[in-house]
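Chain residues, written in single-letter form:
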Amino acid sequence: MIEIKVVNRGRQPLPQYATKQSAGMDLRANIDEPIVLHPMERRLIPTGLFIALPEGYEAQVRPRSGLALKHGLTVLNAPGTIDADYRGEVGVVLINLSQEDFVINAGERIAQMVIARHEQAQFHLVEELDETERGAGGYGHTGVK
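Conventions adopted
- Residues numbered from 1 in each chain as written.
- Predicted model: local features only at pLDDT ≥ 70, side-chain atom pairs only at ≥ 80, totals over all residues.
- Heavy atoms only, no water.
- Helix = DSSP H or I, 4+ residues; strand = E, 2+ residues; numbered from the N terminus.
- Rg over C-alpha atoms; globule rule 2.2 N^0.38 Å.
- Buried < 20%, exposed > 50% of the residue type's maximum accessible area, 1.4 Å probe, protein only.
- Contact = heavy atoms within 4.5 Å.
- Areas by Shrake-Rupley, 256 points an atom, 1.4 Å probe, with all protein chains shown as cover.
- Pairing = 2+ DSSP bridges.
- Axes fitted to C-alpha atoms, helices over the stretch in contact; angles between N-to-C directions.
- 1 Å grid on protein atoms, 1.4 Å probe; cavity = no way out; pocket = protein on both sides within 12 Å on 5 of 7 lines; lining within 4 Å.
- Points joined across faces, edges and corners; volume = space filled by probe spheres on them.
- Nonpolar A, V, L, I, M, F, W, Y, C, P; charged D, E, K, R; others polar.
- Lys, Arg positive; Asp, Glu negative; His and termini not counted.
- Salt bridge = Lys/Arg side-chain N within 4 Å of Asp/Glu carboxyl O.
- Polar contact = N/O pair within 3.5 Å; in protein donor to acceptor, adjacent residues only side chain to side chain.

S.K.: Which parts of the structure should I look at to understand the overall build of the protein?
M.R.: Each helix and strand in the protein was counted, giving one helix and 10 strands. When the helices and strands of the protein are listed from N to C terminus, the series reads β-β-β-β-β-α-β-β-β-β-β. Scaling as 2.2 N^0.38, a compact globule of 145 residues should have a C-alpha radius of gyration of about 15 Å, whereas the protein reaches 19 Å, well beyond that. Judged by the C-alpha coordinates and their principal axes, the protein covers about 55 × 40 × 30 Å. Each of the 145 residues in the protein was classed as buried or not, and the buried ones make up 33%. Counted over contacts in the protein with a minimum sequence separation of 6, partners at least 24 positions apart contribute 70%. Summing over all exposed atoms, the protein offers an accessible surface of approximately 10,700 Å²; the carbon and sulfur share of this is 50%.

S.K.: Looking at this structure, I do not really get the sheet that holds strand β6 (residues 73–75). What am I missing?
M.R.: Within a sheet, each strand pairs with its neighbour through backbone hydrogen bonds, oriented either parallel or antiparallel. The strand order β1-β4-β8-β6 describes an open sheet built from four strands, whose pairing is antiparallel. Looking along the sheet, the strands with just one partner apiece sit at the ends: β1 (5–8) and β6. This sheet shows a mean twist of 40° between the axes of neighbouring strands, independent of strand direction. Sheet analysis places β1 next to strand β4 (residues 42–52), joined by four bridges and oriented antiparallel. Across the sheet, the residue bridging to V6 is I51, located in β4.

S.K.: Looking at this structure, I do not really get the environment of N77. What am I missing?
M.R.: Within the fold, N77 resides in the loop between β6 and β7 (80–82). Classification of N77 as partly exposed rests on a relative accessible area of 42%.

S.K.: What is the right way to look at the layout of surface pockets in this model?
M.R.: Over the atoms a probe the size of a water molecule is rolled, and this reveals where empty space is left. Put simply, the largest pocket is a space of about 370 Å³. Considered class by class, the residues forming the lining of the largest pocket number 12 nonpolar, no polar and no charged. In this structure, the second largest pocket encloses a volume near 270 Å³. Lining the second largest pocket are 18 residues, and of these Q16, D26, L27, R64 and R109 sit closest to its centre. Sorting the residues of the lining of the second largest pocket by element identifies β2 (24–28), β4, α1 (65–71) and β10 (109–117) as the ones contributing at least two each.

S.K.: Honestly, the sheet that holds strand β5 (residues 57–62) in this entry has me stumped. Any pointers?
M.R.: The four strands are arranged β2-β10-β5-β7 in an open sheet whose pairing can be described as antiparallel. Every interior strand has two partners, whereas the edge strands, β2 and β7, have only one. Adjacent strand axes in the sheet meet at a mean angle of 35° when their direction is disregarded.

S.K.: Teacher, can you tell me more about the side chain of E58 here?
M.R.: Topologically, E58 is positioned in strand β5. R62 provides the closest opposite charge to the buried, unpaired E58, separated from it by 7.0 Å. Here the side chain of E58 touches Q60 through a polar contact of 2.9 Å, side chain to side chain. One polar contact links E58 to T81, side chain to side chain, over a distance of 3.2 Å. Those residues within four positions of E58 in sequence are excluded, and the remaining contacts are L53, T81, I82, V114, I115, A116 and H118.

Everything listed here is a matter of coordinates, which is why it stays silent on function.
Following this line, the structure appears as structure tokens:
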């Protein structure tokens, strides 16, 4: 378990895990009045949260499966990445992929946030790569079974 410093400038409770083995914590809309998200419209929804992640960690903002299935609402840049050195407000870019308006109310659970460790890489320029069984076979290369 890691500790994350958080400033809550909103009116919503801090994110928390719903169950002991949950990977993500729900993020809530911190808005003064309902927002109508029209079909194919995208909006940045504030959460009121500001976080300081430890070096080597990121926060991933992901869609909530219930909103996606029932209402066609998803996180447009999924997963959105919050870097350890970002100190601005956590926002959620939502898009309505349905054919009906969706109303976002204050306190509504709009996305989930997963905290993940990551590595940084350094590229090493070479003239060629080693051979593998797959080689350059890409999308759909392994077939359907």
